[in-house]
Amino acid sequence: MTRPKIIIVGGGLSGLMTALKAVEQGAEVAIFSTVPVRRSHSVCAEGGINAALNTKGQDDSVSQHIYDTIYGGDFLAHQSPVEKMCKAAPAIIHMFDRMGVCFSRTNEGFIDQRLFGGVSKKRTCYGGATTGQQLMAALDEQVRRSEVAGDIVKFENWEFGSLVLNDEGVCVGITAIDKVTLKVRGFAADAVVICSGGYGEVFGAATSSKHCTGSAAMQVYKQGATFANPEFIQIHPTTIPGYDKMRLVTEGVRGDGGRIWVLRDGKPWYFLEEWYPEYGNLVPRDIASRAIWKVVNEMNLGVGGSKSVYLDITHLSKDLLKDNLAAVVDTYLKFVGEDPREVPMQVYPAVHYTMGGLWVDDNHQTTIQGVFAAGECDFQYHGANRLGGNSLLSAVYSGMIAGVSAANYVTGKEVASDMSVINFVETECGMQEAFNKKIMLMNGNENPHKLKNELSECLNNSAFILRYDNQLKDADQKILQLKERFQNAAMLDKIGFANQELFFMRTLFHQFDLAQLIVRAALNREESRGAHFKPEKPNRDDKKWLNVTKVSYNENEPEFDYKEKVEIEKIKPVERKY
Amino acid sequence: MAEIRLKIRRQDGPEDLPYWEEFMVPVYPKMNVVAALKKIQENPQNSQGIETNPVVWDCSCLEEACGSCTMLINGKVKQACSTLIENLEQPIVLQPMSKFYVIRDLSVDRLKLFDALKKISAWVVIDGIFDLGPGEKVFKEQQRKMYSYSRCIFCGACCEACPQYNERSPFMGSFIFGQIFLLNMHPLGKISDHVRLEALMGLGGIADCNNAGNCEKVCPKEIPLTEAIASLGWKTTLYTISKFFR
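What you see is a predicted model, and the numbers here were worked out from it, not measured in a lab.

(A) Summary view of the domain arrangement of chain B. Residues and elements named next belong to chain B. According to the domain assignment, chain B contains domain 1 (3-109) and domain 2 (112-244). Computed from C-alpha atoms alone, the centre-to-centre distance between domain 1 and domain 2 is 31 Å. Contacts between domain 1 and domain 2 engage eleven residues on the former and twelve residues on the latter. Across the side of domain 1 that touches domain 2, the residue classes tally to five nonpolar, four polar and two charged.

Following this line, the structure appears as structure tokens:
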């Protein structure tokens, strides 16, 4: 029997988990990654991964985890997938434990759990403040073991080009571009899983890595996959402001006792603790970010008049700082040059995670036959706001589901003959080559980096913490102008080898359409829900808006569709307040 | 606005001859080397005002978690993202790492770091990724020790600083000692510790290390590599003796 051939686009946590699960089902797998997989953005996750292990004597339970996730997401997440994910979480932690992850421990040697935002039970397993790096190490090692066994092949430093679809619209492979030689190659496959991560980088100043651009997901969208909930962008309340990047300070800092304050009338004012007595510094991220926004921009109480508030850990014990937060201290010392053990850190909110993404069914199949999606690039699990510690969980869990679904999909279908596939592969390769050639010859007078900066600025001014309809309308116009100006952009690098500008331009080409989706979806949704907040319509409207934003590509205008109702059978929506 | 001067060693491709080019870049407080390179990327003009191709370099996370932007900065191996301009003497001299194959400008091919992990069987042998219940308990003291070794970002700084690591030597690099030490400490990992010790005694392993100790000094995550080297040296000796008497 021939083995199913599965291609995975992306080598972060969800990609690697998908690969391992597909191999377990008997598939042979090729992983394509734009960076060496060990340098994927998953390594940046700091605070931890949620699972109701109930090891803290707090009567935690899976049902409480489900409730917190649905409630935290302001009831926009479908409830059965969330239920299944939360049920699977304890086994996922045990799997990582067996793989060798260095989880932080209790005195008795159990896996320790810390408190995170929007919950009242200690449920977040962690490895210091580098949990993503720890989980990535474990999966990377297991994938390497499978590589040596001949089950997995990796293509690192390869950029995803496009899907190869046959004339019935079924996916039969991909094209990819070698980032060194710039050669386009086609690869046949029985199924493709997109695990390409989020799209925070389109905002420029974000906590994302430079390659979290959303371009692979946008390419798939343009080839026919439905996109969902693009307007839901998580703003993390505590990041270190920088011109080049906003650097994350994990929620774990506040879970371990860190406090947020500003000076008011010459005295420290712990505004989150005053405004939200029950959750204090650990209100969910959307609420904490809006509170900081208000204190800085409406009350003008930012530290020394700047756009920042204090995040204070100077009162925490030396042992706790060393065991749990050494990486945070180290990052602040290196990038700011001050010791957060002595002086309170200065932080401000920034774009951190994208709840929206490719629409998938419960088996993680997209609307294109043979194409699946998992991880941050899908839209499932987090609704209108993600709880801290649930992103690592959803990345891993969705990979487990997608790996099995992709293998099952192949097993159940007739295998196409290689010859018939080759024609489609070659045609698609030719199109990608022509596109690259066109970009290489662009010789206008617009600087593409300036266009990108303008695009990011435009999104930050309209679709950040507060969203006003008139600003969104202006942004929509501006995006169209920028897209038009891109036609007159210049290719700045003239060398046809290891040319990074080529990939920057290909990405930017998609980002105008991505920005348009974010802005239009935000404009359309006439309510406030989770991270999507309109001061002019500050309430949630369940009668009209308890539905998924679905959008499909059309050359002229994106087509929005709000027919899909959110599944709310298990937990009845109630007002979300903390 | 104040400007800084950067002197960059450039190379158009692996077969091309290297050359130097200077750039002037506007500077702001707490600016790092990646941000300076980004300025050049946005406006590729050298210090004589002549248009040139943008400088090619690797970067990804910009918070010293991914290891991508490692290069020689004023002769020392560092991550460009976490190196602040204000702490550097001018002109700031940027060069690619010298122990790896140059792809273009400051970008080098470091995939052989990951190939070394295959040679030392750097994984825990588990039965499967299905649910098999919890693993063994690990106590705090041991977790602390394991954690200090788990922070490797595979940047290659230890290889760059090592007098034994070069194109003609099979030496796999000092980071493998940390990896083996870590895996051999894990409750399940230690079951196959002999496989890793065998690899360590083979080509490119511990015999190729001359205990210079430079690796630990340049490690951005301060991984105690010399402790791992000393401990593994002793363990390979014990292992050889026990094998002899078996």
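(B) Region of interest: the interface of chain A and chain B. Each partner contributes residues to the interface: chain A has 58 residues there, and chain B has 58 residues. Breaking the side of chain A that touches chain B down by element, the ones donating at least two residues are α1 (13-24), α3 (79-99), α4 (131-148), α9 (318-336) and α14 (500-524) of chain A. Per element, the largest residue contribution to the side of chain A that touches chain B is eight residues, and it comes from α4 of chain A. Taken together, the residues that form the side of chain A that touches chain B break down as 20 nonpolar, 19 polar and 19 charged.

(C) Region of the structure containing the environment of Ile223 of chain B. All names here are of chain B. Relative to the helices and strands, Ile223 is located in the loop between α7 (214-218) and α8 (225-244). On the neighbour-count criterion, Ile223 (25 C-beta atoms within 10 Å) is buried. Distance in space between the C-alpha atoms of Ile223 and Phe175 is 8.9 Å, their sequence separation being 48 residues. Excluding residues within four positions of it along the chain, Ile223 makes contact with Ser148, Tyr149, Arg151, Cys152 and Gly178.

(D) Here's a closer look at the packing of helix α5 (residues 215-222) of chain A against α14 of chain A. Residue and element names in this part refer to chain A. It is at 9 Å that the axes of α5 and α14 come closest, and there the two elements cross at 65°. Classified by the angle their axes make, α5 and α14 are roughly perpendicular. The element α5 and its partner α14 pack so that their crossing is left-handed. Contact residues: α5 offers Ser215, Met218 and Gln219, while α14 offers Arg506, Thr507, His510, Asp513 and Leu514.

(E) Structural view of the sheet that holds strand β3 (residues 49-50) of chain A. Residues and elements named next belong to chain A. Taking strand neighbours across the sheet as the criterion, the three strands line up as β3-β5-β4 in an open arrangement whose pairing is antiparallel. At either end of the open sheet lies a strand with only one pairing partner, and these are β3 and β4 (113-114). Looking at chain direction, β3 and strand β5 (residues 124-125) are connected through two bridges and run antiparallel. Across the sheet, residue Asn50 finds its bridge partner in β5, namely Thr124.

(F) Representation of the environment of Ile152 of chain A within the structure. Residue and element names in this part refer to chain A. Here Ile152 is to be found in strand β6 (residues 152-156). Judged by the 24 C-beta atoms lying within 10 Å of it, Ile152 is buried. Excluding its chain neighbours within four sequence positions, the residues that come into contact with Ile152 are Ala19, Val23, Val29, Ile31, Val143, Ser146 and Glu147.

(G) Here's a closer look at the sheet that holds strand β7 (residues 158-165) of chain A. All names here are of chain A. The antiparallel open sheet is built from three strands, whose spatial order is β7-β8-β9. Every other strand in the sheet has two partners, leaving β7 and β9 (184-188) as the edge strands with one partner each. Taking the axes of each pair of neighbouring strands and ignoring which way they run, one obtains an average angle of 25° across the sheet. With seven bridges connecting them, β7 and strand β8 (residues 171-178) associate as antiparallel partners. Counted as the bridge partner of Leu165 is Cys171 from β8.

(H) The domain arrangement of chain A, seen in detail. Residues and elements named next belong to chain A. Once the domains are mapped, chain A shows domain 1 (1-232 + 355-578) and domain 2 (237-349). The gap between the C-alpha centroids of domain 1 and domain 2 is 28 Å. Every contact between the two is made by 28 residues of domain 1 and, on the other side, 28 residues of domain 2. Of the residues assigned to the side of domain 1 that touches domain 2, the class counts are 13 nonpolar, 13 polar and two charged.

(I) Local environment of the nonpolar core. Formed by 247 residues in total, the largest nonpolar core has its most connected members in Ile6, Val192, Val193, Ile194 and Leu358 of chain A. Those residues in contact with Ile6 of chain A, other than ones at most four positions away along the chain, are Ala22, Ala27, Val29, Ala189, Asp190, Ala191, Val193, Ala406 and Ala407 of chain A.

(J) Up close: the packing of helix α12 (residues 448-462) of chain A against α14 of chain A. Residues and elements named next belong to chain A. The N-to-C vectors of α12 and α14 enclose an angle of 20°; their axes lie 11 Å apart at closest approach. When the interaxial angle is binned, α12 and α14 end up roughly parallel. Along this stretch, α12 crosses α14, giving a crossing that reads as left-handed. Along its contact with α12, which presents Pro448, Leu451, Lys452, Leu455, Leu459 and Ser462, the element α14 presents Phe504, Met505, Leu508, Gln511, Phe512, Ala515, Ile518 and Val519. Of the residues in the contact of α12 with α14, the class split is eleven nonpolar, two polar and one charged.

(K) A look at the pairing of strand β14 (residues 259-264) of chain A. Residue and element names in this part refer to chain A. Across three bridges, the pairing between β14 and strand β16 (residues 309-312) is antiparallel. Residue pairing for β16: Arg259 is matched across the bridge by Asp312. Here β14 runs beside strand β15 (residues 267-269); their pairing, made up of three bridges, is antiparallel. Bridging across to β15, Val262 finds its partner in Trp269. Counting the residues between successive antiparallel strands, the hairpin from β14 to β15 contains two residues, one of them, Asp265, with a positive phi of roughly 50°.

Reading guide: rules and limits
Residues numbered from 1 in each chain as written. Chains lettered and ligands numbered in written order. Predicted model: local features only at pLDDT ≥ 70, side-chain atom pairs only at ≥ 80, totals over all residues. Domains from an automatic or database assignment. Contact = placed C-beta atoms within 7 Å. Nonpolar A, V, L, I, M, F, W, Y, C, P; charged D, E, K, R; others polar. Helix = DSSP H or I, 4+ residues; strand = E, 2+ residues; numbered from the N terminus. Buried ≥ 20, exposed ≤ 12 C-beta atoms within 10 Å, placed from the backbone. Axes fitted to C-alpha atoms, helices over the stretch in contact; angles between N-to-C directions. Parallel < 35°, antiparallel > 145°, perpendicular 65-115°, else oblique. Left-handed = near helix turned anticlockwise from the far one by under 90°. Pairing = 2+ DSSP bridges. Core = buried A, V, L, I, M, F, W, Y, C linked by C-beta atoms within 7 Å.

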